[in-house]
Amino acid sequence: MLGHLSKPEAGASCRVCGKEMRKGEQFHYITGFGYVCHSCGIQGVECDSCGAKVRRMTLTVLRGRSLCLTCYRRERETGEKRAMREIKSADIQSALGMALESAPEGFKLIGLRLKTSSKDMWQAEYEREDIFEMRCS
Ligand SMILES: [Zn+2]
Ligand SMILES: [Zn+2]
């Protein structure tokens, strides 16, 4: 299973029509769904949420629903408000730099602390940007 994840090109097939992926052929990866071949990728499909006609390859599958980009962003916004990352670093300066660098998209770093009973593992806490701004203004 791990080997399959690290080498998705080998033996992958289209999740829609089952066509096998071959070298040189264009396949598209749909987050939450898997690979689809080019002809299935450019097929027009409907967004499960707003009903907009979009190309299949622009969809994102979230909790079993196929969403267009706009709906996916909206759905994601109603989801997680906080995020955590673990960072390995010997000093706080570089830990801070790494924490800022690895911030998830749309999140702001709000805290960094040394993990309990650890000398070089840090816990960085992030908050969603819009919530962060709401709280601070
Ligand atoms: Zn296909
Ligand atoms: Zn939509």
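It should be noted that the structure appears before, not after, this text.
What you are looking at is a predicted structure, and each value in this text was computed from that prediction instead of being measured.

**What to know about the sheet that holds strand β9 (residues 121–128)**
Consider a sheet: its strands pair through backbone hydrogen bonds, and that pairing is either parallel or antiparallel.
Here's step 1: Taken in spatial order, the three strands of this open sheet run β7-β9-β8, and their pairing is antiparallel. Because the sheet does not close on itself, it has two edges, and the strands there are β7 (82–88) and β8 (107–114). When the angles between neighbouring strand axes are averaged without regard to direction, this sheet yields 25°.
Here's step 2: Across seven bridges, β8 lies against β9 in antiparallel orientation. Note that in β9 the partner of L109 across the bridge is Y126.
Here's step 3: In the packing of helix α5 (residues 129–136) onto the sheet, contacts are made with β8 and β9, and the angle to β9 comes to roughly 75°.

**A closer look at unusual backbone geometry**
Here's step 1: For S117, which is not glycine, the phi dihedral falls at a positive 55°.
Here's step 2: C-beta crowding within 10 Å serves as the criterion here: with 6 such atoms nearby, S117 is assigned to the exposed category.

Cut-offs used in this document
- Residues numbered from 1 in each chain as written.
- Chains lettered and ligands numbered in written order.
- Predicted model: local features only at pLDDT ≥ 70, side-chain atom pairs only at ≥ 80, totals over all residues.
- Pairing = 2+ DSSP bridges.
- Helix = DSSP H or I, 4+ residues; strand = E, 2+ residues; numbered from the N terminus.
- Axes fitted to C-alpha atoms, helices over the stretch in contact; angles between N-to-C directions.
- Contact = placed C-beta atoms within 7 Å.
- Buried ≥ 20, exposed ≤ 12 C-beta atoms within 10 Å, placed from the backbone.

Keep in mind these numbers describe shape, not what the thing actually does.
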